[in-house]
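# A structural walkthrough
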Amino acid sequence: MAITETVKYGIIGVGMMGREHLINLHHLRIQGVAVVCIADPHVLSQQLALELAQSFDWPLKVFSGHQELLDSGLCDVVVVSSPNMTHYQILMDILNHPKAHHVLVEKPLCTTVADCRKVVNAARKRPDVLVQVGLEYRYMPPVAKLIEIVKGGTLGQVKMVAIREHRFPFLVKVNNWNRFNANTGGTLVEKCCHFFDLMRLFAGANPVRVMASGAVDVNHKDEIYDGKVPDIIDNAYVIVEFDNGARGMLDLCMFAEGSKNEQEISVVGHSGKGEAFVPENIVLYGSRVGGRDGVQTLKAEDERIKYEGLHHGSSYLEHLNFLSAIREKGAKTPAVDLQDGLISVAMGVAAQVSIEKGRFVTIEEVLGERNCEPST
């Protein structure tokens, strides 16, 4: 596909994240992309997306449902950025549609492991469709630099990965659908699948078992929806053991606005240590031999980023990567595939179950079988 041939996108779900995708794709206009249609049952979201598109001089066809968008035949690629609990049915409808639509689906892939499995199986029957999962934290410049350092062997065999996310509470969404586990899959699926994906990537291995402790301690306790108080946890510690002996640890707090960095990632190998800080965009790394005085500091930047947006440019790079895979016409697979999406959800589900049961939970227990290859 020549770059002069426009790749036409449709966006299903144009709430906050859907509009963020619209802006990112506008900044990729020079790459030969256009958003031509959107689908969303929420009229205000439609209007806000239309206003954005008009400011970009992009005429949009508006649909209230995703099936109408698919049936229209207007687009080649679909971005699914609707609420988590809608992903499964939308993805199945895309994969079962006569017309092939490539898909970028926001994380988490689905809210349950069973639904993720069904999507994976349906996708196997559609080799003409590329599906990339929106685990875009991999592309944040400091994280990408740390991945490069780890994969280059600088730190030796990875033994420990510690990720701290200290941040603000969940944002306001349409009808605040994100306040309940039934809609999101739980905080450790909804938010933390990003970090479980990174742990697996850094460790170069698959998770074996998970132990977690968490609770609803501060946020959303005074909110009531249809007589129900939100049940999403706002803080947790999670320990993950991998099949190569590496360990991961997540420290999550969602009432920690007084933090310099929202994410701090530490990776320690048998011969060195690396750290990434977001949004400070700093990477530190050093060796055991060099000690404290030998630690190097890098400012992590990526000149390809034309729009920083909500995720420090990572969504822009995610789209750039997926567009490249689309244009390669099957010669290049998506960087973050359905298997990555499935395992990141399984790790989050195991952590949620561990909190409920008060014990270690094996990945085999939530996955049903272990047939997953480590990320490369």
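Given the structure is predicted, the values throughout are model-derived calculations rather than measurements. (Residues numbered from 1 in each chain as written. Predicted model: local features only at pLDDT ≥ 70, side-chain atom pairs only at ≥ 80, totals over all residues. Heavy atoms only, no water.)

Glancing now at the overall build of the protein chain. Along the protein chain, the regular secondary structure elements total 12 helices and 15 strands. Taking 2.2 N^0.38 as the reference for a compact globule, 376 residues should give roughly 21 Å; the C-alpha atoms of the protein chain span a radius of gyration of 20 Å, in line with that estimate. When the backbone C-alpha atoms are referred to their principal axes, the protein chain occupies close to 60 × 50 × 40 Å. Counting all 376 residues of the protein chain, 56% fall into the buried class. Considering only residue pairs separated by 6 or more positions, the protein chain has 73% of its internal contacts joining residues 24 or more positions apart. Accessible area for the protein chain stands at about 16000 Å²; split by element, carbon and sulfur atoms hold 51% of it. Separation between the mean location of the 38 positive side-chain charges and that of the 45 negative ones in the protein chain comes to 4 Å. (Helix = DSSP H or I, 4+ residues; strand = E, 2+ residues; numbered from the N terminus. Rg over C-alpha atoms; globule rule 2.2 N^0.38 Å. Buried < 20%, exposed > 50% of the residue type's maximum accessible area, 1.4 Å probe, protein only. Contact = heavy atoms within 4.5 Å. Areas by Shrake-Rupley, 256 points an atom, 1.4 Å probe, with all protein chains shown as cover. Lys, Arg positive; Asp, Glu negative; His and termini not counted. Charge placed at Lys NZ, Arg CZ, Asp CG, Glu CD.)

What follows deals with the UniProt feature "domain: Gfo/Idh/MocA-like oxidoreductase N-terminal" (unreviewed entry) in the protein chain. Residues annotated in UniProt with the feature "domain: Gfo/Idh/MocA-like oxidoreductase N-terminal" (unreviewed entry) correspond here to residues 8–134. For residues 8–134, the end-to-end C-alpha separation is 19 Å, with 42% helix and 22% strand making up the annotated structure. (UniProt positions renumbered as here; feature names shortened; annotations may be inferred.)

As a further point, take the sheet that holds strand S13 (residues 282–287). With mixed pairing, the 9 strands of this open sheet are ordered in space as S14-S13-S12-S11-S7-S10-S9-S8-S15. Single-partner strands in this sheet number two, and they are strand S14 (296–299) and strand S15 (361–362). Examined bridge by bridge, strand S8 (residues 207–215) and S15 share 2 bridges and lie antiparallel to one another. Bridging across to S15, Val210 finds its partner in Val361. (Pairing = 2+ DSSP bridges.)

The tally for this structure, following the rule as stated, stands at 3 aromatic pairs. With a centroid separation of 6.1 Å and an interplanar angle of 85°, the aromatic rings of Phe56 and Trp58 are classed as edge-to-face. Both residues of the pair, Phe56 and Trp58, belong to the buried class. Judged by centre distance (5.5 Å) and plane angle (75°), the rings of Tyr137 and Phe195 are edge-to-face. Of the two residues, Tyr137 is situated in the loop between strand S6 (131–134) and helix H6 (141–151) and Phe195 in helix H9 (residues 193–203); the sequence distance between them amounts to 58 residues. On the basis of relative accessibility, which here comes to 5%, the residue Tyr137 falls in the buried class. Under the relative-accessibility criterion, Phe195 is labelled buried at 0%. Lying across the ring of Phe168, Arg167 places its NZ or CZ 4.2 Å from the centre. A cation over a ring is seen here: Arg209 above Phe360, with NZ or CZ 3.7 Å from the ring centre. (Phe/Tyr/Trp six-rings, centres within 6.5 Å; stacked < 30°, edge-to-face > 60°. Lys NZ or Arg CZ within 6 Å of the ring centre and 35° of its normal.)

Our focus in this paragraph is helix H1 (residues 16–27). Spanning 12 residues, H1 covers 17 Å between terminal C-alpha atoms, matching the ideal 16 Å at 1.5 Å per step. With 9 of 12 residues buried, H1 is to be regarded as a mostly interior element. Buried residues belonging to H1 abut strand S1 (7–12), strand S2 (33–39), helix H2 (43–55), strand S4 (77–80), strand S5 (102–106) and helix H10 (314–327). (Expected span 1.5 Å × (residues − 1).)

Before going further, it helps to examine unusual backbone geometry. The amide bond that connects Lys107 to the next residue, Pro108, takes the cis arrangement and shows omega of -15°. A cis amide bond links Val278 to the next residue, Pro279, at an omega of 10°. Mapped onto the fold, Pro279 is located in the loop between strand S12 (272–278) and S13. The backbone phi angle of Asp57 is positive, close to 60°, even though this residue is not glycine. By the element assignment, Asp57 lies in the loop between H2 and strand S3 (61–63). Despite not being glycine, Asp226 shows a phi value in the positive range, around 50°. Turning to its location among the elements, Asp226 is positioned in the loop between S8 and strand S9 (235–242).

The next subject is a nonpolar patch on the surface. Taken together, the side chains of Met16, Phe168, Leu171 and Leu310 present a nonpolar region at the surface, about 300 Å² in accessible area. Position of Met16 relative to the elements: it lies in helix H1. (Patch = residues over 30% accessible without salt bridge, like charges linked within 9 Å, V, L, I, M, F, W, Y side chains within 5 Å. Salt bridge = Lys/Arg side-chain N within 4 Å of Asp/Glu carboxyl O.)

Right, let's get into the pattern of salt bridges. Counted according to the given criterion, the structure contains 16 salt bridges. Across the salt bridge formed by Lys118 and Asp115, the nearest N and O atoms sit 3.9 Å from each other. One end of the pair, Lys118, and the other, Asp115, are both in helix H5 (residues 113–124), 3 residues apart, so they sit about a helical turn from each other. Since its relative accessible area comes to 42%, Lys118 is described here as partly exposed. Residue classification places Asp115 among the buried positions, given a relative accessible area of 17%. The closest approach of N and O atoms between Arg164 and Asp251, which form a salt bridge, is 3.1 Å. Taken together, the residues span a long stretch of sequence, with Arg164 in strand S7 (residues 158–166) and Asp251 in strand S10 (residues 247–253) at a distance of 87 residues. For Arg164, a relative accessible area of 35% corresponds to the partly exposed category. The exposure class of Asp251 is buried, given its relative accessible area of 10%. Each of Arg138, Asp197, Arg200 and Asp340 takes part in a single network of salt bridges with overlapping partners.

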